[in-house]
There are 2 protein chains.
Amino acid sequence: MSIDRNNEIEVKNEVERQFNILSRGCDEIINENEFKKKLEKSISTNTPLRIKLGIDPTGSELHLGHAVPLRKLKQFQDLGHEVLFLIGTFTGRIGDPTGKSETRKMLSEEQVNENIKTYLDQVKLILDLDKIKVVYNADWLEKLSLSDALNLLSQFTVSQMISREDFSKRLAENKPVSLIEFMYPILQGYDSVELKADVELGATEQKFNLLRGRDLQKNFGQEQQVCMIMPILVGLDGVEKMSKSLGNYIGVKDTPNDMFGKVMSISDELMENYYTMITDVPFGKIEEIKAQIADGSLHPMEAKKQLGAEVVKIYYGEEAAKEARDWFENVFSKRNLDVDLPEVEVPYGQINVIDLLVKEAKLLGGTSEARRLISQGGFKINDEAIKDIKANVNVESGMIIRAGKKKIVKVK
Amino acid sequence: MSIDRNNEIEVKNEVERQFNILSRGCDEIINENEFKKKLEKSISTNTPLRIKLGIDPTGSELHLGHAVPLRKLKQFQDLGHEVLFLIGTFTGRIGDPTGKSETRKMLSEEQVNENIKTYLDQVKLILDLDKIKVVYNADWLEKLSLSDALNLLSQFTVSQMISREDFSKRLAENKPVSLIEFMYPILQGYDSVELKADVELGATEQKFNLLRGRDLQKNFGQEQQVCMIMPILVGLDGVEKMSKSLGNYIGVKDTPNDMFGKVMSISDELMENYYTMITDVPFGKIEEIKAQIADGSLHPMEAKKQLGAEVVKIYYGEEAAKEARDWFENVFSKRNLDVDLPEVEVPYGQINVIDLLVKEAKLLGGTSEARRLISQGGFKINDEAIKDIKANVNVESGMIIRAGKKKIVKVK
């Protein structure tokens, strides 16, 4: 981007341009004025802003909920800013209880190291690892002394900490809050001091912690960081937060067909949210799609397929997106089974339908789930529904088993 | 003390003897059984117990309230136990808010060092400094890291800390409680781990902190210390805690005459408490004195004079105690002024009575106090009361000025 840094109007336009791109999908920016000033300074002095995102090396499988801030980082990166990808090698051992109702267990150093590897392996699907600066907070936090800790503690009051929603909730419920948990937001804030961060990204549940960075930077005589608060991505069910444990997620390592199929399973109501939060489709285009659906010129199913393709495109490219759409249409829309289907190995011969679904083909997690699906007619052998939970079927090679609308396998 | 360590009965008797001496004047011992067991082990293995008393190097003038635990240490010392006199060179910089309604200011290292010198200079009036081990907690706490701090923090919950009375009170009043204050009881507890303390002494307001030592010792795999909770000494007024700022104190560096005079100013009701807490008079003797006062065979004034002499004896010896009593009787009881009186330098000539009392002779702290004393007839020149606050007197050498019952000076 070549602009005349001495031309006020060009700078102002560039500030607006960057602001519009970067504020997309944000819940809150604390605060917008400071952010614009930082952008202006950055553009007019040709100095990249320092953008911090901290993660705890805890979980191992990234889903599109995690991808929301990572893709925001990508936008900063594409605009020439410096991305500081902070891995909480020190704080990860404490664990932040945000949004959790219990004190978290400490992680061992070995677990942390293994998790980082798995994590970065997935992050590189979104960000160019060579262009970001990966930093580890153990590098500076391990050097702090008890005196340093006391100095940090002295800058906050008990009431201030207790005001954090999950703390006050647990205290009100007489659930234990360990004193160590108070240190988490403080150390997260201190990381911003150490990194001289200009902007920190985080989900809404991180707001309290992000603001502590502002507190500490001020006390340490630094310019305060801008807090960019991202909404939490809702899961495929449209109700709960996207999470691995709830099973309502799209993993960044899911196959193109799985990604596409999972997008197709969401409700029509969730589409706009997903278009905004997990794709790069411009706002104008999203409005257009909405209008077309409203006036009947675009079928919601088609809009959803386009959404699915957009998502696959981000992680696997345009060609894979097209193939995933074709596969889906063949299998589910045209019911054309003359395509590659996932194969399962199941012993040939007579078997009870529930055992087949749960124990052998492993399409469902439990007996009660299987019983419900079968009674509702969702279980099909070669496109024929079997509704009797006591029925036996004769398994043979090439047999096609369906469990609900989105699960289909072929016996090897 | 030579006892047969293998003779169960002798050991048992010695345990009882030591327990009786040491439990004198204690508010609470947590717990008595453990204490007896520790004494038994100490006696039967000929291993002294490790007795901890921690002080913050904050104030500079010791009074008999401070002397209560110091004299308890003396008893332990006399019984052959090891006294660990802990000076909170590290924790003193934080300041413990116990009993205070506000966060305390941190002390500088210079202040701390100066205070220690003044403090030990007074402590040696009670304890033999050569026989005690003076330890400084900066020696180990300065070496702790942030990780160590987190490990300590993880062993306590927020609710546990908030339960401390002064914290909960301040929180309820919306007064700030700094997070650093939570560290004080924890570090005090950790000191016990470091010192492997068998017993820790402290006043009632210290109970919460002393118990944290038990928590941490247990978590660190040590035998838990016994907490010996001492009552807080009431001041000369019989109402408030003895303290320098309230002026209701007897300083350990007060002159024998001042000590004696101050004891004589207490109410008859306070006598028993003082006999128990600030003298070594055996319980049996105290009971005898009470009985004699009750049956009229001992005048309370005489009992109080004996109390005064006992107190002076502790700090200055028997001879000085006798002299102080003589002085007091001469000046106040026999009104014999033909003794050495404290002398003041006051310019000769006419002066207003209030100015004389407050500004020149400096017998009273303020004008309103002087006005009240004069109106009540407590101000006398050469034994003649002057009740007019506007009166002038003609100051000359040898003139005797009284301000109330206990203050008397002679103009030089």
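Above: the structure in question.
The shown structure was predicted, so the numbers you read here are calculated from the model rather than taken from an experiment. (Residues numbered from 1 in each chain as written. Chains lettered and ligands numbered in written order. Predicted model: local features only at pLDDT ≥ 70, side-chain atom pairs only at ≥ 80, totals over all residues. Heavy atoms only, no water.)

> Help me out: how do you make sense of the pattern of salt bridges in this one?
Side chains that differ in sign of charge can pair as their charged atoms come close. Under the defined criterion, the tally for this structure stands at 58 salt bridges over all chains. In this structure, B:K124 engages B:D121 in a salt bridge whose closest nitrogen and oxygen atoms are separated by 3.4 Å. Ionic pairing is found between B:D268 and B:K304, a salt bridge with its closest N-O pair at 2.8 Å. You can see B:D268 sitting in the loop between α12 (256–264) and α13 (271–278) and its partner B:K304 sitting in helix α15 (residues 300–316), a full 36 residues away along the chain. Salt bridges sharing common partners tie together A:K38, A:K41, A:D198 and A:E223. (Salt bridge = Lys/Arg side-chain N within 4 Å of Asp/Glu carboxyl O. Helix = DSSP H or I, 4+ residues; strand = E, 2+ residues; numbered from the N terminus.)

> Hey, could you run me through the sheet that holds strand β9 (residues 379–381) of chain B in this one?
Two strands in a sheet stick together by hydrogen bonds in their backbones, pointing the same way (parallel) or opposite ways (antiparallel). Residue and element names in this part refer to chain B. The strand order β7-β13-β12-β9-β10 describes an open sheet built from 5 strands, whose pairing is mixed. What marks the edges here is a single partner per strand, and that holds for β7 (343–344) and β10 (384–385). Bridge count between β9 and strand β12 (residues 400–403): 3 bridges; the pairing is antiparallel. Each bridged residue has a counterpart across the sheet, and for I381 the counterpart in β12 is I401. (Pairing = 2+ DSSP bridges.)

> Can you walk me through the packing of aromatic side chains in this structure?
Ring pairs (aromatic) are described by centroid distance and by the angle formed between their planes. Residues and elements named next belong to chain A. Enumeration over the complete set of coordinates arrives at 12 aromatic pairs over all chains. Three or more aromatic residues joined by ring pairs form one cluster here, namely F19, F35 and F76. Its guanidinium or amino end placed over the ring of F208, R212 lies 4.4 Å from that ring's centre, counting from NZ or CZ. Above the plane of the ring of Y249 lies K262, whose end atom (NZ or CZ) is 4.7 Å from the centre. (Phe/Tyr/Trp six-rings, centres within 6.5 Å; stacked < 30°, edge-to-face > 60°. Lys NZ or Arg CZ within 6 Å of the ring centre and 35° of its normal.)

> Looking at this model, I keep getting lost on empty space enclosed by the protein. Mind explaining?
Unoccupied space between atoms shows up once a probe the size of one water molecule is rolled over them. Residues and elements named next belong to chain B. Tallied over the entire structure, the rule returns 2 cavities of 30 Å³ or more. Estimated volume of the largest cavity: approximately 110 Å³. If you trace the largest cavity, you find it lined by R24, G25, V68, R71, K72, Q75, M230, T276, M277, T279 and D280. Listed by contribution, the elements that provide at least two residues to the lining of the largest cavity are α3 (64–78) and α13. Looking at the lining of the largest cavity residue by residue, the classes come out as 3 nonpolar, 4 polar and 4 charged. Looking at the second largest cavity, its volume works out to about 50 Å³. (1 Å grid on protein atoms, 1.4 Å probe; cavity = no way out; pocket = protein on both sides within 12 Å on 5 of 7 lines; lining within 4 Å. Points joined across faces, edges and corners; volume = space filled by probe spheres on them. Nonpolar A, V, L, I, M, F, W, Y, C, P; charged D, E, K, R; others polar.)

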